[in-house]
Amino acid sequence: MNGSGHRFVDHTADVAIEVWAPSEEALLVEAARALIAVLTEDACIEPSDQCTLDLESTDEEDRLVRWLNEVLWLAIGKGFLLSDADISLHADGLSARITGQKEASDRIASEIKSATYHDLRLAREPSGRYVARVVLDV
Amino acid sequence: MGTNIKVQQVDEYRFRIPREGKMRVPGLVYATEKMMQDIRKDASLDQVANVAHLPGIVRHSLAMSDIHWGYGFPIGGVAAFDEHEGVLSPGGVGYDINCGVRLLRSNLPKSAIDGLLPELSKEMLRAIPSGVGSKSHRCLTDRELDEVMVQGSAWAVDAGYGRASDLEATEEGGRMRGADPDAVSERARERGLPQLGSLGSGNHFCELGWVAEVYDEPTASAFGLEQGQLTVMIHSGSRGFGYQICDDSLRTMMKASKHYGIELPDRQLCAAPLQSPEAQRYFGAMACAVNFAFANRQMMTQFVRDSLSRFLGEREVSLGLELVYDVCHNIAKWEEHEVDGKQRRLCVHRKGATRAFPAGHPELSARYRSVGQPVLVPGDMGRYSFVMVGTERAMKETWGSCCHGAGRRMSRKAALKVAGKRRIFEQLQSQGVWVRSMSKRTVAEEIPEAYKDVADVVEVIHQAGLARKVARLEPLAVVKG
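As the structure is a prediction and not an experimental result, all values here were calculated from the model.

Attention now moves to the sheet that holds strand 3 (residues 49–56) of chain A. All names here are of chain A. With antiparallel pairing, the 3 strands of this open sheet are ordered in space as 3-5-4. The open sheet has two edge strands with one neighbour each: strand 3 and strand 4 (81–90). In this sheet, neighbouring strand axes are inclined to one another by 20° on average, regardless of whether the strands run parallel or antiparallel. Relative to strand 5 (residues 93–101), strand 3 runs antiparallel, the two being bridged by 8 bridges. Across the sheet, residue Leu 53 finds its bridge partner in strand 5, namely Ala 96.

Below, the discussion takes up the confidence of the model for chain A. Detailed reading of the predicted coordinates is not advisable wherever pLDDT falls low. A residue-level look at chain A finds 99% of positions with pLDDT of 70 or above and a mean pLDDT of 94. Averaged pLDDT values over the elements of chain A bottom out at 93 in strand 1 (residues 5–9) of chain A and peak at 98 in strand 5 of chain A.

Here the focus is helix 8 (residues 239–259) of chain B. All names here are of chain B. Compared with the 30 Å implied by 1.5 Å per residue over 21 residues, the 31 Å span of helix 8 between its first and last C-alpha is a close match. In terms of residue burial, helix 8 counts as a mostly covered element, since 16 of its 21 residues are buried. Directly beyond the C-terminal end of helix 8, a positive phi value near 65° is found at Gly 261.

To continue, consider the nonpolar core. Core analysis: the largest hydrophobic core is formed by 206 residues, its most contacted members being Ala 31, Ala 32, Leu 35 and Leu 68 of chain A together with Met 286 and Ile 461 of chain B. Discounting chain neighbours no more than four positions away, the residues touching Ala 32 of chain A are Trp 67, Leu 68, Val 71, Leu 82 and Ala 85 of chain A.

Moving on, we get to helix 4 (residues 142–151) of chain B. Residue and element names in this part refer to chain B. Those residues of helix 4 lying buried are Leu 145, Val 148 and Met 149. Looking straight down helix 4, one finds its buried side chains confined to an arc of 100°; they lie on one side. Where helix 4 is buried, its residues meet helix 5 (153–158), helix 6 (186–192) and helix 9 (277–312).

Working note: a packed helix pair is described by the angle between its axes plus the distance between those axes. All names here are of chain B. Packing of helix 4 against helix 9 leaves a shortest axis separation of 6 Å and a crossing angle of 100°. As summarised for this structure, helix 4 and helix 9 are arranged roughly perpendicular, according to the angle between their axes. From helix 4, Val 148, Met 149, Val 150 and Gln 151 reach across to helix 9, where they touch Cys 288, Asn 291, Phe 292 and Ala 295. Here the residues of the contact of helix 4 with helix 9 are counted per class, giving 6 nonpolar, 2 polar and no charged.

Before going further, it helps to examine the sheet that holds strand 5 (residues 75–82) of chain B. All names here are of chain B. Taken together, 7 strands build an open sheet; the order of strands is 1-2-3-4-5-13-12 and the sheet is mixed. Each edge of the sheet is formed by a strand with only one pairing partner; in this case those strands are strand 1 (8–11) and strand 12 (330–339). Averaged over all pairs of adjacent strands, the angle between their axes in this sheet comes to 25°, without regard to strand direction. As paired strands, strand 2 (residues 14–17) and strand 3 (residues 27–30) are joined by 4 bridges and run antiparallel to one another. Each bridged residue has a counterpart across the sheet, and for Arg 14 the counterpart in strand 3 is Tyr 30. The strands that helix 16 (residues 454–464) touches are strand 2, strand 3 and strand 4 (61–68); relative to strand 4, the one it contacts most, it runs at about 140°.

The next subject is the pairing of strand 15 (residues 374–377) of chain B. Residues and elements named next belong to chain B. Residues Pro 374 and Leu 376 point to one face of strand 15 and Val 375 and Val 377 to the other, with burial holding for every one of them. Sheet topology places strand 15 next to strand 16 (residues 385–390); 4 bridges connect them, and they run antiparallel. Along strand 16, the bridge assignment pairs Val 375 with Met 388.

A few words now on unusual backbone geometry. Only a minority of non-glycine residues have a phi that is not negative, and only a minority of peptide bonds are not trans. One non-glycine residue with positive phi stands out, namely Asp 119 of chain A, at about 55°. With respect to the helices and strands, the residue Asp 119 of chain A is situated in the loop between strand 6 (114–115) and strand 7 (121–124). The class for Asp 119 of chain A is partly exposed, based on 18 C-beta atoms found within 10 Å. Positive phi, normally seen in glycine, also occurs at Leu 321 of chain B, with a value near 55°. Turning to its location among the elements, Leu 321 of chain B is positioned in the loop between helix 10 (316–319) and strand 11 (323–328). With 23 C-beta atoms counted inside 10 Å, the residue Leu 321 of chain B sits in the buried group.

For the rest of this paragraph, the subject is the packing of helix 8 of chain B against helix 9 of chain B. Residues and elements named next belong to chain B. Where helix 8 contacts helix 9, the axes come no closer than 10 Å and their chain directions differ by 170°. It follows that helix 8 is roughly antiparallel to helix 9 by the angle criterion. Along its contact with helix 8, which presents Arg 239, Phe 241, Gly 242, Ile 245, Ser 249, Thr 252, Met 253 and Ala 256, the element helix 9 presents Glu 278, Tyr 282, Ala 285, Met 286, Ala 289, Phe 292, Ala 293 and Asn 296. Considering only residue class, the contact of helix 8 with helix 9 consists of 10 nonpolar, 4 polar and 2 charged.

Across the boundary between the two partners, chain B contributes 24 residues, which contact 22 residues of chain A. Of all elements in the fold, only helix 6, helix 8 and helix 13 (412–419) of chain B reach the threshold of two or more residues within the side of chain B that touches chain A. Partitioned by chemical class, the residues of the side of chain B that touches chain A number 7 nonpolar, 7 polar and 10 charged.

Here we come to the environment of Asp 96 of chain B. Relative to the elements of secondary structure, Asp 96 of chain B occurs in the loop between strand 6 (87–88) and strand 7 (100–109). Considering only alpha carbons, one finds Asp 96 of chain B and Arg 310 of chain B, 214 residues apart in sequence, at a separation of 32 Å. Sequence-distant contacts of Asp 96 of chain B, defined by excluding residues within four places in its chain, comprise Lys 113 of chain A together with Gly 237, Ser 238, Gly 242, Tyr 243 and Asn 330 of chain B.

What counts, and where the lines are drawn
- Residue positions are counted from 1 within each chain, in the order its sequence is given.
- Chain labels run from A onward and ligand labels from 1 onward, assigned in the order the entries are written.
- At least 70 in pLDDT is required for a residue's local features to be given in this predicted model, at least 80 for side-chain atom pairs to be given and counted, and no such filter applies to totals for whole chains, interfaces and linings, which use all residues.
- Two strands qualify as a pair provided that DSSP identifies no fewer than 2 bridges between them.
- A run of H or I in DSSP becomes a helix once it reaches four residues, and a run of E becomes a strand once it reaches two; helices and strands are each numbered from the N terminus.
- In this description, a line fitted to the C-alpha atoms serves as the axis of each element, helices being fitted only across the stretch in contact, and the angle between N-to-C directions of two axes falls anywhere from 0 to 180 degrees.
- A score between 0 and 100, pLDDT records how confident the predictor is in each residue.
- To estimate the expected span of a helix, subtract one from its residue number and multiply by 1.5 Å.
- Each residue is classified by how many other C-beta atoms fall within 10 Å of its C-beta atom, where C-beta atoms are placed from the backbone; a count of 20 or more means buried, 12 or fewer means exposed, and values in between mean partly exposed.
- We call a set of buried Ala, Val, Leu, Ile, Met, Phe, Trp, Tyr and Cys residues a nonpolar core when their C-beta atoms link them within 7 Å.
- Residues are scored as being in contact if the C-beta atoms we place from backbone atoms lie within 7 Å.
- Along the arc lie the directions from the helix axis toward the C-beta atoms.
- Angle categories are assigned with fixed cut-offs, so that under 35 degrees is roughly parallel, over 145 is roughly antiparallel, 65 to 115 is roughly perpendicular, and the rest are oblique.
- Ten residues, namely Ala, Val, Leu, Ile, Met, Phe, Trp, Tyr, Cys and Pro, are considered nonpolar, four, namely Asp, Glu, Lys and Arg, are considered charged, and the remaining ones, Gly among them, are considered polar.

Rendered as structure tokens:
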């Protein structure tokens, strides 16, 4: 949590998020929180339930997009809204134990079609901080 | 942000991007000099140039006058690829596969609903499932979804939504060939099952309007349109089903681009050779989404017909409410075009662009073959939309394509700021437009100021000779998602 944050950047037709965190795992969690904030218009999510997910990816940037689309699917397809996650990164993907709220479809207030590869960036700064930029198609 | 791309003005409405670096063909943008100043503020021209890098692209990378920044391809982008050397790129179709629009005419004059707009607009909101994650009145079974994927509008008509005559007034007859349900993921199916027959959100809408002005009487008449008449427009696409198919395809296509050695200036331009199994699989899945969107708009057409009939206490047949046409904005299609005097089979990608075939084209149904294809260009919810007709010039220059709509000029964030505490609904009502929505925020993001003036977009297309103005429609009651 410490040193993590996100902001929304102006983008003509969609929503661009910039995220920063002290580690890549924390970065992924922060990006997921930002997506849920867009989806629910900043609703408060109770950390009352848990679930797990695994995914495969080809590189770090692909992993970020895949992760966000899985978080999106959990929300819109399963009604489970993420509030936090414990992530283990692998060479070809990740595993995550996700905390959040189930049966929470009624908290969803806006539509996100997908996290996209548009203008996608994920990098480690010389300071050690991780930064990323992702555009959500809304 | 901005761009450093060089352009050369060809004439008042055409700008060329000369071939440079790894571009295989030049770019051609339809715009005025004034519009170009705005266009240069983001990276859309870079995107036009990027598309020109793709293998097998024929003649030029095109952008219509509603050009703006998209994913890989610009919105308003059109590109055709050789069947042997060329590629298929999901970014050239978009997430909302077969987002499109249809127009219904009616036998009613505008005066028939004088004083009824507040209640009528409420009734339309009730009748058409809309809003975030909107679910239809019915959830499809797996078997029905299989049929929808292959039969498109025809499934809907057979299921009691609409008339057989609607099919000949729909692009592709409402049913694109080549659909392959096996190419569609389980997740896409899960997203699609509850959503067929729903508007969705964002810039989707159902709009009751009227024909405010006719520019071309004979063509308007052939389309069944006359000044003062009530119309209905429905703008929607393939919902979560299509978005998922696009997302699924990008992963495959990124791997394929590497495998086939396709150099990508932008990851979202990922593609595979048209003859490859990857491209054929995406095409099969895309066609399923195309058909889903046709069936979606077809179902909502019947919801509108039922709703108006009930509200006005008149039988549907006396209201008319015939389908004028249904066009796709986001699609890739196999078409025959003349290139250097020879007929060639090309895969034409239209991403936020509309097919605009001329009179005489064999693809057009008998109803329009002597007139030309109706082209529908929706504007924002406050001002106007246009009906146009396709021309020979479009066939020669743009693979029979033209613009699709107004295009945003302001981000959602900026629109929310501008909308601020303004009483948007009341302001629009004072202009005679009743907007209903499940979300005030969506309406704020969709304020007229957030959009370019579609009249400017259409004027370029008209003056460039790609399509001719036929009529101007103005909104009366709008259901927004």
